[in-house]
Amino acid sequence: MGNLDIAVAVILTAALAFGFDAVTGRRGLAAPLLVAFTGALCGGFLAVRVFGAATMDQWPWVIWSVVGAALALGAHFLFRNTR
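Engineer: An account of the nonpolar core is requested, with residue identities and associated values reported.
Structural biologist: In this structure, Ala17, Phe20, Val35, Ala36, Ala40, Ala69, Ala72 and Leu73 together form the largest nonpolar core, which totals eight residues. Counting only elements with at least two residues in this core, the list comes to α1 (4-23), α2 (30-50) and α3 (60-79). When residues no more than four places from it in sequence are discounted, the contact partners of alanine 17 are Leu29, Pro32, Leu33, Ala36 and Leu73. In this structure, Ala9, Ala47, Trp61 and Val62 belong to the second largest nonpolar core, which totals five residues.

Engineer: Mind laying out the side chain of threonine 24, listing which residues take part and the relevant values?
Structural biologist: In this fold, threonine 24 is placed in the loop between α1 and α2. A distance of 2.8 Å separates a polar atom in the side chain of threonine 24 from the backbone oxygen of phenylalanine 20. In contact with threonine 24, not counting residues within four places along its chain, are Phe77 and Arg80.

Rules of the game
- Residues numbered from 1 in each chain as written.
- Predicted model: local features only at pLDDT ≥ 70, side-chain atom pairs only at ≥ 80, totals over all residues.
- Heavy atoms only, no water.
- Core = buried A, V, L, I, M, F, W, Y, C linked by side-chain atoms within 4.5 Å.
- Buried < 20%, exposed > 50% of the residue type's maximum accessible area, 1.4 Å probe, protein only.
- Helix = DSSP H or I, 4+ residues; strand = E, 2+ residues; numbered from the N terminus.
- Contact = heavy atoms within 4.5 Å.
- Polar contact = N/O pair within 3.5 Å; in protein donor to acceptor, adjacent residues only side chain to side chain.

And the structure:
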C-alpha cells in the first residue's frame, strides 16, 4: 500500500479533468488532462518541497495536488481560447 496515495491522486485528477470536460462542453479530453496533471504536479510540489506541509508518506499532499488541479482547470476555463 506504499503507492496507494499516488494512485488515488492520479485517479482523482483524471476524474476531475473528465468532469471538467463534461461540464464545459466536451471540447476534447487531452487539454483538460494536461492542465489537470500539470496543476496536480504543481500542487504536490508546493505541499512537499516549498511549504513542507506534508511528505510523500502522508496523505495531505494528495489534497494539495487535487486542489492544484482544480485551480489550474479553473484558470484554463477562464483564459482558454473559445473561438
